[in-house]
Structures are given as structure tokens and as C-alpha cells.
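Per-entry structural report
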Amino acid sequence: MANTKIKIENVSKKYDVENKALLFTKGNSAHDNFVGHETDYVLKDVNLEIKEGEFHIFLGASGCGKTTLLNIVAGFLNKTEGSVTLDDKEINGPGSERGVVFQNADSAIFPWLTVQKNVEYGLRMQGVKKDERKKIALDALDLVGLKGHEQKYPDELSGGMKQRVQIARSIAANPEVLIMDEPFGALDAQTRRTLQDELINIWKKTGKTILFVTHDIAEAVYLGENISIFSVAPDASIVDKITVPYKYPRDVNDQRVGEFIKYTTEQLENAIRASKAKHEGLQKADNEEEVVENEVAEANSVAV
């Protein structure tokens, strides 16, 4: 049985509005109302174990905190409470053992560098010698299907090719974990499917642990071994974990896979409904408590 690679224990996250309020000018009502206060928890008491070599999906509605949790694992955000470990070592910031692929390739690759030089960049920062980093970069580009495009610049590439450059750069650095935040979300359907298939092949060849965020249910079922389903914020958490029972390659036109996509959709909808009902119930209780408090205060003022 594979060892636990990433362990998330009782993780919660909320933002201090003091920091967000820097966007506002003092004297502005938004600034005056929020400075010194804290938001609700975006994430609350999240627990999860991801095995070494696992392809794991974070699935949830927009704004549910899945990218927030991904960024905590990547080391870009600090957690408010709890523990996140990689190989039993606490994550307190970014590290070379974690490679990140973002949704927007244009903001992640350097337009003044060729494809090859973009892929070599991280290796150059690590002090890898020229001949060695060239070989690693060319191998990575071959793996993602960009052989023959090494000397092109980003403005000569399609959106799908730019994402391949991002993936190749991450692979070239040889991280133990590949972290991907909706990397195919902005691509057309055909390009997305092609890159999904290439990603599965890369995962099989390298054996890397992949953590992948999406709100596309069919994509989650097509790619993942296991899917963590998020409730909605505030106080979002992982409320269900589904194991996809089908071997690769998967055919979305297969009736069984289609039924599983439907089942996963139902589980996500149930999670959203349950958490919304909980939030509405808490809000109603808060409103009722406020009414009672106002009535008590009014009664006291009359009595005085």
C-alpha cells in the first residue's frame, strides 16, 4: 500500500480584513466598517490524506475554497489553524518538491524567452549546468508533445501549447507533487480532452502525485482516481470522498462512466444543498436571536 504523501488535518482558513482593507482609503465606508475585524472561515476543519502517486481531484462550486486549500498545500497561503504535511514535514512555504501549474499560462510563462528557455528557467535558477538543463528541458518538451517547437516564443503558440510549456517546466524541475489549478478551464473542448489524455500519460510515466482543482464534474471523473467534494463557503469543508472505479483510459461515452458522472453530480448537489441549508438555518437563528435581544433591550429601556 502506498505511503501517505500529503496529510491535511483540521485545517481552517479565514482572512484578516485588515489586509483586504488596504484596498480601500481610510474614511471610505468599506475601510471603516471592516478594519480590525475578521471574515468568516473560508475553510473549516478540513481533513484529507493523499497517497503517494495518487491522482486526486478537488471538486466544488466556484468560491468553495478548493483553490484556497490548493494554495495552502502549495505554500502560497498560510493556514489559520491545523496542519498540512508533505512526507510528515509541515508545509510552511513554497518548495521545489511541489510544482504548480496555473490556469492562466500567459501570466506564468515569460514572453521574452523561447519555449526551451522557459522550461529551462527553473533549472537555471537551481544552478543546473547548461548541457544538463538542455537535455532535461528537451525530454520534458518531448513528453508533453512539444518536440519541434523548442525555439518558438509564447506569442507563436496556441493556448493549449502554452499550457504544455507550463507543464513541461514543472516536470523538468522534477517535483514530487504536481499541483494544478484548473489548468484546462480556459481551453476549447477538443484541446482540453487532448491535454487531459496527455496528463494521464505523463502521470503514468512519472508516477507523480497530482493534486488537481476543477469545477467540471466530467473532467473530475475522467481524470481522477479519487475525488474530494467540497461544501460551499463560508465554513467550507470536504464532505465526501469518491473513488472512481474505472480503469484508464476512460470513455465518457461509456454508459457506466456516464452513470458515475451523474452520481458524482448528485453528490455535489447534495453537498451544496446541505451546506446552504445549514447556513440559512444559522442565519435564521442569528436573526431570531437579534430580534430577541432588541426586544429585551427595548423592554429594559421602557422599564427604566
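Residues numbered from 1 in each chain as written. Predicted model: local features only at pLDDT ≥ 70, side-chain atom pairs only at ≥ 80, totals over all residues. Heavy atoms only, no water.

**Regarding the pattern of salt bridges**
- Applying the stated criterion across every chain yields a total of 13 salt bridges.
- In this structure, the salt-bridge partner of Lys7 is Glu9, at a minimum N-O distance of 3.8 Å.
- We note a salt bridge from Arg133 to Glu120, for which the minimum N-O separation is 3.2 Å. Here Arg133, found in helix 5 (residues 130–143), pairs with Glu120, found in helix 4 (residues 115–125); they are 13 residues apart in sequence, far enough to count as distant. For the pair Arg133 and Glu120, a shared accessibility class is recorded, and that class is buried.
- Linked by salt bridges that have partners in common, Lys7, Glu9, Glu49 and Lys51 make up one network. (Salt bridge = Lys/Arg side-chain N within 4 Å of Asp/Glu carboxyl O. Helix = DSSP H or I, 4+ residues; strand = E, 2+ residues; numbered from the N terminus. Buried < 20%, exposed > 50% of the residue type's maximum accessible area, 1.4 Å probe, protein only.)

**So, the packing of helix 4 against helix 6 (residues 159–172)**
- Remark: helix 4 packs on helix 6, axes separated minimally by 8 Å, with the N-to-C direction vectors making an angle of 35°. Here helix 4 and helix 6 pass one another in a crossing that is right-handed. Contact residues: Val115, Asn118, Val119 and Leu123 in helix 4; Val165, Ala168, Arg169 and Ala172 in helix 6.
- Taken together, the residues of the contact of helix 4 with helix 6 break down into six nonpolar, one polar and one charged. (Axes fitted to C-alpha atoms, helices over the stretch in contact; angles between N-to-C directions. Left-handed = near helix turned anticlockwise from the far one by under 90°. Contact = heavy atoms within 4.5 Å. Nonpolar A, V, L, I, M, F, W, Y, C, P; charged D, E, K, R; others polar.)

**Focus on the packing of aromatic side chains**
- Inspection of the entire model under this criterion finds ten aromatic pairs.
- Centroid distance Phe110 to Trp112: 5.2 Å. Interplanar angle 35°. Geometry classified as tilted.
- Judged by its relative accessible area of 21%, Phe110 is partly exposed.
- Chaining the aromatic ring pairs together yields one cluster made of Phe55, Phe184, Trp203, Phe212 and Tyr248.
- Between Lys44 and the ring centre of Tyr41, over which it is positioned, the NZ or CZ distance is 3.9 Å.
- Over the ring of Tyr248 we find Arg250, and its NZ or CZ is 4.1 Å from the ring centre. (Phe/Tyr/Trp six-rings, centres within 6.5 Å; stacked < 30°, edge-to-face > 60°. Lys NZ or Arg CZ within 6 Å of the ring centre and 35° of its normal.)

**Some remarks on the pairing of strand 3 (residues 55–59)**
- In terms of burial, strand 3 is a largely internal element, five of the five residues being buried.
- Sheet topology note: the strand 3/strand 8 (residues 209–214) ladder contains five bridges and is parallel. Pairing of His56 across the sheet is with Leu211, part of strand 8.
- Direction of pairing for strand 3 relative to strand 9 (residues 226–230): parallel, over a ladder of four bridges. Residue pairing for strand 9: His56 is matched across the bridge by Asn226. (Pairing = 2+ DSSP bridges.)

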